[in-house]
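Below are the chains, spelled out letter by letter.
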Amino acid sequence: MPNVQLLAVLYMVLSMTSYQISASFAKQLFLVLDPITVTILRLCFAAIIVCIMFRSWKVIQRLQFLKWRDLLCYSASLGVMNILFYMSLGKLPQGIAVGLEFIGPLGLALISIQNRKDYVWVLLAILGIVLMVPWGETNSSNFDLFGAACALGAGLCWALYIYFGQRVVQQNIGMHALTIAISISALSLLPIGLYNNASALIDTQYWGKAITIAVLATAIPYALDLKALQHLNKTSYGTLSSLSPALAALVGFILLGEKITLLQTVALVCIMLASVGVTMREARQQYKTRKIES
């Protein structure tokens, strides 16, 4: 692998690590704030950060020409995904929460399977979910049914975020779509946050941590992803993204002291293998399509 590609892989790993560290910091903040308040603080500061990063004020003159139904659905899926994921983090070890959430985009990819041989990836994903749950002790210290439901709900919203994101891309507004989505999500959730815990939202002692979380979860990953995508194809990017559950478990162990069982580790491996398998399958299909067309 050329040095440029190795550097791109490093960018990807650093991007995912940054995001998982932000999740660990958010979970530490749950000791004094509820997940909804932390989510809203993060989204508010993230909206400001991405607006400055991408100079999104340039898109203001085009707002009236945009297809708002897709943009609103894109924004709603982003906002709900963040709230549900943070709620799951409050109940589950980080690696388990990310592993269950990962089922969303993986499921979206599995839906398109047509070759029977590729159903092995479906079985691996199902096996991963089954092994994730300690059925004899579903309310143990490292598993919570409500947290699992929130993580799976976040995964569903992630799939919807990808689906509507692909529709929004067709509007040719680039990364400004992300600024609009985060801003709408933050503004929509702000009244709920003010009703739920207004004193915490306006208490500046939490703003420093919230800004740190927003930077680690937004500015750094997006910047590194953009650099990585300059030298990695879609297949390599998708394969590397499959490492997210493992990185989440590792960061959770290092920063939070969270431990998962051997079976749950096997479950994460099954989900990651399914993701890698689906990514490679899509690459093969695209190659065959190009070969037929040529």
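Our structure is the block above this text.
From a predicted model like this one, the values you see are computed outputs, not experimental measurements. (Residues numbered from 1 in each chain as written. Predicted model: local features only at pLDDT ≥ 70, side-chain atom pairs only at ≥ 80, totals over all residues. Heavy atoms only, no water.)

Undergrad: Tell me about the overall build of the protein, residues and numbers included.
TA: From N to C terminus, the protein includes 12 helices and zero strands. In the protein, the order of α-helices and β-strands from amino to carboxyl end is α-α-α-α-α-α-α-α-α-α-α-α. Taking 19 Å as the expected radius of gyration for a compact globule of 294 residues, we find that the protein reaches 19 Å, a close match to that expectation. Overall size of the protein, expressed as C-alpha extent along the three principal axes, is 55 × 55 × 40 Å. Split into buried and exposed, the 294 residues of the protein put 48% on the buried side. Taking as baseline every contact in the protein between residues at least 6 positions apart, the subset at least 24 positions apart corresponds to 87%. Accessible surface, the protein: about 15,100 Å² in total, of which carbon and sulfur atoms supply 67%. The centroid of the 20 positive side-chain charges in the protein is displaced by 11 Å from the centroid of its 11 negative side-chain charges. (Helix = DSSP H or I, 4+ residues; strand = E, 2+ residues; numbered from the N terminus. Rg over C-alpha atoms; globule rule 2.2 N^0.38 Å. Buried < 20%, exposed > 50% of the residue type's maximum accessible area, 1.4 Å probe, protein only. Contact = heavy atoms within 4.5 Å. Areas by Shrake-Rupley, 256 points an atom, 1.4 Å probe, with all protein chains shown as cover. Lys, Arg positive; Asp, Glu negative; His and termini not counted. Charge placed at Lys NZ, Arg CZ, Asp CG, Glu CD.)

Undergrad: Help me get a handle on the environment of F164, residues and values and all.
TA: Mapping F164 onto the fold places it in helix α7 (residues 145–169). Residue classification places F164 among the buried positions, given a relative accessible area of 16%. Taking the C-alpha atoms as reference points, F164 and V59, 105 residues apart in sequence, are found 19 Å from one another. Not counting residues within four places of it along the chain, the set of residues in contact with F164 comprises D70, C73 and Y74.

Undergrad: I'd like to hear about the pattern of salt bridges, residue by residue, with values.
TA: Considering all chains together, one arrives at two salt bridges under this definition. In this structure, the salt-bridge partner of E258 is K27, at a minimum N-O distance of 2.4 Å. Of the two residues, E258 is situated in the loop between α11 (244–256) and α12 (262–293) and K27 in helix α1 (residues 3–29); the sequence distance between them amounts to 231 residues. By relative accessible area, which is 15% here, E258 ends up buried. The exposure class assigned to K27 is buried, which follows from its relative accessible area of 15%. (Salt bridge = Lys/Arg side-chain N within 4 Å of Asp/Glu carboxyl O.)

Undergrad: Go over the nonpolar core, please, and point to the residues and values.
TA: Y74, F85, Y86, L106, M132 and I182 are the most contacted members of the largest nonpolar core, which totals 73 residues. In terms of residue count, helix α2 (residues 35–54) provides more of this core than any other element does, 10 residues in total. Setting aside residues up to four positions removed in sequence, Y74 forms contacts with Y161, F164, G165, V168, A177, L178 and A181. Counting 10 residues, the second-largest nonpolar core is a separate cluster that includes V9, M16, L224 and A228. (Core = buried A, V, L, I, M, F, W, Y, C linked by side-chain atoms within 4.5 Å.)

Undergrad: Could you give an account of the packing of α2 against helix α3 (residues 68–89), with specific residues and numbers?
TA: Here α2 crosses α3 at 135 degrees, and the two axes come no closer than 9 Å. It follows from the interaxial angle that α2 and α3 lie oblique. Between α2 and α3 the crossing geometry is right-handed. The segment α2 lies against α3, with P35, I36, V38, T39, R42 and L43 engaging L78, N82, I83, Y86 and M87. Residues belonging to the contact of α2 with α3 are distributed by class as follows: eight nonpolar, two polar and one charged. (Axes fitted to C-alpha atoms, helices over the stretch in contact; angles between N-to-C directions. Parallel < 35°, antiparallel > 145°, perpendicular 65-115°, else oblique. Left-handed = near helix turned anticlockwise from the far one by under 90°. Nonpolar A, V, L, I, M, F, W, Y, C, P; charged D, E, K, R; others polar.)

Undergrad: I'd like a rundown of the side chain of S242, residues and numbers included.
TA: Of note, S242 is situated in the loop between α10 (234–241) and α11. Side-chain polar atoms of S242 contact the side chain of S275, separated by 2.6 Å. Discounting residues that sit within four places of it in the chain, S242 has contacts with F102, M272, S275 and V276. (Polar contact = N/O pair within 3.5 Å; in protein donor to acceptor, adjacent residues only side chain to side chain.)

Undergrad: Describe helix α5 (residues 103–110), listing the residues and the values that go with them.
TA: Burial analysis of α5 places six of its eight residues in the buried class, which makes it a mostly covered element. Those residues of α5 lying buried are I103, G104, P105, L106, A109 and L110.

Undergrad: Give me the state of the cysteines: which residues, what numbers.
TA: What is meant by a disulfide is a covalent connection between two cysteines, made through their sulfur atoms. On inspection of all chains with the given rule, the structure shows zero disulfides. Here C150 stays unpaired: no disulfide links it, and the sulfur of C157, its closest cysteine neighbor, is 10 Å away. (Disulfide = S-S within 2.5 Å.)

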